[in-house]
Amino acid sequence: MEKKEYTLALLVSNKPDVLARVAGILGGRGYNIETLCVDATLDPAYSKIILTVIQDKTTMTKIEKQLIKLIDVHKVTDLTKVESVTRELMLVRMKLSDTNKGLLALIIDTFNGRVVTMNGDNCVIEITGDRALIEKAVASLKPLGIDDMARTGIISLERQN
Amino acid sequence: MQLKGAEILIKVLRQEGVHTIFGYPGGVLLDIYDELHKGDIRHILVRHEQGAVHAADGFARASGQVGVALVTSGPGASNTVTGIANAYMDSIPIVVLTGQVPTHLIGTDAFQEVDIVGITRPCTKHNFLIKRVEEVAKTLHEAFHIARSGRPGPVLVDLPKDVMAALTEYKPQLPQKAAEAPPRPASKKAFYVMDLIAESTKPMILSGGGVILGGASAELRKMAWLTKMPVSSTLMGLGAFPGSDPLWLGMPGMHGTYYANMAISHCDLLIAIGMRFDDRVTGKIDHFAPNAKIVHVDVDPSSINKNVMVDVPIVSDCKSALQSFNALLEQQKFVVGDDQRQEWFDQIAAWRKENPLSYCHSDTEIKPQFVIETLYKLTRGRAIITTEVGQNQMWAAQFYHYDEPNTFLSSGGLGTMGYGFPAALGAKIAFPDKLVIDIAGDGSIQMNIQEMATAIQDNIPVKIVLLNNGYLGMVRQWQQLFYGRRYSQTDITYQPDFLKLAEAYGWLGLRATRPEEVETVLKQGLEAPGPALMDFRVSREECVYPMVRPGGPIHEMALGREMAN
């Protein structure tokens, strides 16, 4: 069956071992978590976990059923099924040189990024967007010499009509 | 009222209706054992922590109540893992209380420290580490609630020593009641099932452990009798439907009866209730019930469409679903037309006649099946039977017939050798007046043999029927059939003299080596007031038949006749 990327939002208790339980359901069955984002909700008793998995539909249904069985998981939403806004944030540290400065400025401008900090011969750039945009930005920056980078992974929120 | 954590623990146990626990003390448990010493909870002192968990599990399976085990930190806790995984696979409600090092030492590799919450995360329904004495009562009540609600399962609670010794204000809390009513089938679906039953000419019911766990045996029987549907039950479901009823087909699957497997392979409607289509039941999935509309009732949504894709999925506890079906059947004044099922019944009768459950009798060797048949005859099916795992387990499922639920206790999912004997101790605690018999093999019995001392110390007179063939019989059978009789590491002829062992532990030990001695030995052992071990020297290379080859379709069975003649 065809595999694609699924984004799940999990409402969970904000407790020490909840993430391990969630990760165990996936890892114990040999499924990789592609991206993962966690923080407390407005009510600090609960956290929201947003994770993405590349799987086929049948397996995803089984994963969702296993996740909701966990006592500390209160709700599982498949955000790929509903209309939602998706964002990812990336920080990239670039080596600066006389030859790449001009192009770098253009790339930052193109992807609506900004320079967060500049330190002698390097700078850290922040770019936010959906996964496709971030992938494009990485591809554009790569030839200019990426020193290091960090990505938050996807966060996603349902649109409400 | 200021109470210690350990005192609160005892109070909660009492409130949850616990009168017996199975345990083994240790350094971090001293506060709890001091309270037990004062209190009125009976404590069964096992000889290994695995035994404690299996005994709690056996207690739970026999009584339907939550079983409780109490063990110390470190190795005490890690020794429970097999018992917990066993209960998890078979959905058995137990609460395992583990001692833990004081909270300020957690994570320091302290003496006898182990992260038991981490270790048991994938094999418990849920687990807790209590870090504050204020949380003791609430967490323990929650643990019991989780263990017994929905699809039951084991819950572990880790109790650090300082939390048990600390004082807090205690107000008794009411035990948690089920938060919401169990799920019931939507009436539209229940009506649809009625239509399917009415249209079907070749229907059958396949019930599982969920019917027993859900206390729905009476409802299952009523439905089968109202609709005249033949019934097969998985290993976990044996006893839910009477083994002596004309509609009974026997167990399905790898070592199921010929007629149960043929009925599944030819039926046009399969109503699966409280079972989960385990690979040992289905065989090759593509050939499982190929002509049938499948209705699947299960309380756990994750069991539905997991292995077999079904036509009518119903998330409901078994009792509610069967009650709905029965109410509709009565409301519609459902009757089966005289000739509507005749062809189906004739066909089943023909299969039954063609290949009944049988074995080749012998005048010189004791056949293991003969021992179990004789045991059934002598006990008139009224004993609680526990089993170990392997050939002994399959023969106990085939040749003893179970008329009541909660009377056949066996490790179905995990297949744990060493389960049956400690489970028998637990069952006997639940039903002191019933005859409780562990049907064992000589391999399995040696895995928890140390509990023979427990039976004496705590006066738990169970019986062990040992089918002794000097082999790890089931693995040997596979080696015989699929690995050219190369018996690699399955010969265990070197074994203790079980009579002397029985004597050493203070048990009655008996032995039979010839068929004519079987009945006498059984009578003597069963009638003895104390625990008895009966060592039957059975024919060494007997195989369990019928047998579906691993991964094969269930309608293709080796029947063993070629071996017998």
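Residues numbered from 1 in each chain as written. Chains lettered and ligands numbered in written order. Predicted model: local features only at pLDDT ≥ 70, side-chain atom pairs only at ≥ 80, totals over all residues.

Peer 1: Provide a residue-level description of the overall build of chain A, including the pertinent values.
Peer 2: Regarding its fold elements, chain A presents 4 helices and 9 strands. Along the chain direction, N to C, the helices and strands of chain A fall in the order β-α-β-β-α-β-β-α-β-β-α-β-β. Taken over the C-alpha atoms alone, chain A extends approximately 55 × 40 × 35 Å along its principal axes. Per-residue burial for chain A yields a buried fraction of 23% across its 161 residues. Taking contacts inside chain A between residues at least 6 apart in sequence as the whole, the part at least 24 apart equals 75%. (Helix = DSSP H or I, 4+ residues; strand = E, 2+ residues; numbered from the N terminus. Buried ≥ 20, exposed ≤ 12 C-beta atoms within 10 Å, placed from the backbone. Contact = placed C-beta atoms within 7 Å.)

Peer 1: Which residues make up the sheet that holds strand 3 (residues 46-55) of chain A, and what are the values?
Peer 2: All names here are of chain A. Taken in spatial order, the 4 strands of this open sheet run 2-3-1-4, and their pairing is antiparallel. Of all strands in the sheet, those bounded by a partner on one side alone are strand 2 (35-40) and strand 4 (73-78). In this sheet, neighbouring strand axes are inclined to one another by 15° on average, regardless of whether the strands run parallel or antiparallel. As defined by bridge partners, strand 1 (residues 4-13) adjoins strand 4 across 5 bridges and the pair is classed as antiparallel. Paired with Leu-8 across the two strands is Asp-78, which belongs to strand 4. (Pairing = 2+ DSSP bridges. Axes fitted to C-alpha atoms, helices over the stretch in contact; angles between N-to-C directions.)

Peer 1: Talk me through the pairing of strand 4 (residues 67-71) of chain B; I want residue IDs and the actual numbers.
Peer 2: All names here are of chain B. Within strand 4, 5 of the 5 residues are buried, which leaves the element mostly enclosed by the surrounding structure. Burial of the side chains of strand 4 extends over both faces: Gly-67, Ala-69 and Val-71 are buried on one face and Val-68 and Leu-70 on the other. Looking at chain direction, strand 2 (residues 20-23) and strand 4 are connected through 2 bridges and run parallel. Bridge pairing in strand 4 places Phe-22 opposite Ala-69.

Peer 1: Describe the domain arrangement of chain A, with residues and values.
Peer 2: All names here are of chain A. Partitioning chain A into structural domains gives domain 1 (4-78) and domain 2 (85-158). Listed as interface residues are 7 residues of domain 1 and, on the opposing side, 5 residues of domain 2. Elements represented by at least two residues in the side of domain 1 that touches domain 2 include exactly strand 1, strand 2 and strand 3. The residue makeup of the side of domain 1 that touches domain 2, split by class, is 4 nonpolar, 3 polar and no charged. (Domains from an automatic or database assignment. Nonpolar A, V, L, I, M, F, W, Y, C, P; charged D, E, K, R; others polar.)

Peer 1: Describe in detail the nonpolar core, supporting the description with residues and values.
Peer 2: Counting residues in each nonpolar core, the largest one holds 169 residues, and the members touching the most others are B:Ala69, B:Ile94, B:Val95, B:Leu270 and B:Val465. Those residues in contact with B:Ile94 that sit more than four places away from it in its chain are B:Val53, B:Ala56, B:Asp57, B:Ala60, B:Val66, B:Gly67, B:Val68, B:Ala69, B:Ala87, B:Ala147 and B:Pro154. (Core = buried A, V, L, I, M, F, W, Y, C linked by C-beta atoms within 7 Å.)

Peer 1: Got a sec to walk through the domain arrangement of chain B? Specific residues and values, please.
Peer 2: Where the parts come together, the accessible area they lose is often given as the size of the interface. All names here are of chain B. Each assigned domain of chain B is listed here: domain 1 (2-169), domain 2 (187-354) and domain 3 (368-544). Each of domain 2 and domain 3 has a C-alpha centre, and these two points are 31 Å apart. Domain 2 puts 13 residues into the contact, and the matching count from domain 3 is 14 residues. Residues that form the side of domain 2 that touches domain 3 fall into these classes: 7 nonpolar, 6 polar and no charged.

Peer 1: Describe the sheet that holds strand 17 (residues 436-441) of chain B, naming the residues involved and giving the relevant values.
Peer 2: Neighbouring strands of a sheet are bound in pairs by backbone hydrogen bonds; such pairs are parallel or else antiparallel. Residue and element names in this part refer to chain B. Taken together, the 6 strands give an open sheet; going across it, the order is 16-15-17-18-20-19, and neighbouring strands pair in parallel fashion. The open sheet terminates on both sides in strands that have one partner only, identified here as strand 16 (408-409) and strand 19 (508-512). Contacts from helix 21 (residues 498-505) reach strand 18 (463-468), strand 19 and strand 20 (532-537), with the element oriented near 170° to strand 19. Along the sheet, helix 22 (residues 518-527) contacts strand 18, strand 19 and strand 20; its crossing angle with strand 19, the most-contacted strand, is approximately 170°.

Peer 1: Could you give an account of the pairing of strand 18 of chain B, with specific residues and numbers?
Peer 2: Residue and element names in this part refer to chain B. Buried residues dominate strand 18, accounting for 6 of its 6 residues. A two-sided burial pattern is seen for strand 18, the buried positions comprising Lys-463, Val-465 and Leu-467 on one face and Ile-464, Leu-466 and Asn-468 on the other. Relative to strand 18, strand 17 runs parallel, the two sharing 5 bridges. Directly across from Ile-437, in strand 18, lies its bridge partner Lys-463. Handedness of the β-α-β unit built from strand 17, helix 19 (residues 452-457) and strand 18 comes out right-handed. Sheet topology note: the strand 18/strand 20 ladder contains 6 bridges and is parallel. Within strand 20, the residue paired with Val-465 across the bridge is Met-534. (Right-handed = clockwise from strand over helix to strand, strands pointing away.)

Peer 1: Go over the packing of helix 16 (residues 368-379) of chain B against helix 17 (residues 391-399) of chain B with me, naming the residues and quoting the values.
Peer 2: Residues and elements named next belong to chain B. At a minimum axis distance of 9 Å, the contact between helix 16 and helix 17 shows a crossing angle of 45°. Taken together, helix 16 and helix 17 sit at an angle that is classed as oblique. Crossing angle aside, the handedness with which helix 16 passes helix 17 is right-handed. From helix 16, Pro-368, Gln-369, Ile-372, Glu-373 and Tyr-376 reach across to helix 17, where they touch Trp-395, Ala-396 and Phe-399. Of the residues belonging to the contact of helix 16 with helix 17, the class tally is 6 nonpolar, 1 polar and 1 charged. (Parallel < 35°, antiparallel > 145°, perpendicular 65-115°, else oblique. Left-handed = near helix turned anticlockwise from the far one by under 90°.)

Peer 1: Residue-level account of helix 11 (residues 217-227) of chain B, with values.
Peer 2: Each α-helix turn comprises 3.6 residues. Residues three or four places apart therefore point the same way. Residue and element names in this part refer to chain B. Of all the residues in helix 11, the buried ones are Ser-217, Glu-219, Leu-220, Met-223, Ala-224 and Thr-227. Projected onto a plane normal to the axis of helix 11, the buried residues spread over an arc of 165° and lie on a single side. Tucked into the core, helix 11 has its buried residues touching helix 9 (187-199), strand 9 (203-207), helix 10 (209-213), strand 10 (231-233), strand 12 (269-273) and helix 14 (318-331). (Arc of directions from axis to C-beta.)

Peer 1: Describe in detail the packing of helix 1 (residues 5-15) of chain B against helix 2 (residues 30-38) of chain B, supporting the description with residues and values.
Peer 2: Geometry of a packed helix pair, given as the angle between the helix axes and the separation of the axes. Residue and element names in this part refer to chain B. At their nearest, the axes of helix 1 and helix 2 sit 8 Å apart, and the two run at 50° to each other. When the axis of helix 1 is compared with that of helix 2, the two are oblique. Considering only the axes of helix 1 and helix 2, their crossing is right-handed. Residues Ala-6, Glu-7, Leu-9 and Ile-10 of helix 1 form the contact with helix 2, whose participating residues are Asp-31, Ile-32 and Glu-35. Residue composition of the contact of helix 1 with helix 2, grouped by class: 4 nonpolar, no polar and 3 charged.

Peer 1: Give me unusual backbone geometry: which residues, what numbers.
Peer 2: Residue and element names in this part refer to chain B. Here the amide bond leading from Tyr-545 into Pro-546 is cis, since omega sits at 0°, within 30 degrees of zero. Structurally, Pro-546 can be placed in the loop between strand 20 and strand 21 (547-548). Backbone geometry at Lys-228 places phi at a positive 50°, although glycine is not the residue there. Tracing the sequence through the fold places Lys-228 in the loop between helix 11 and strand 10. Unusually for a residue other than glycine, Asn-459 sits at a positive phi of about 55°. Looking at the element boundaries, Asn-459 is found in the loop between helix 19 and strand 18.

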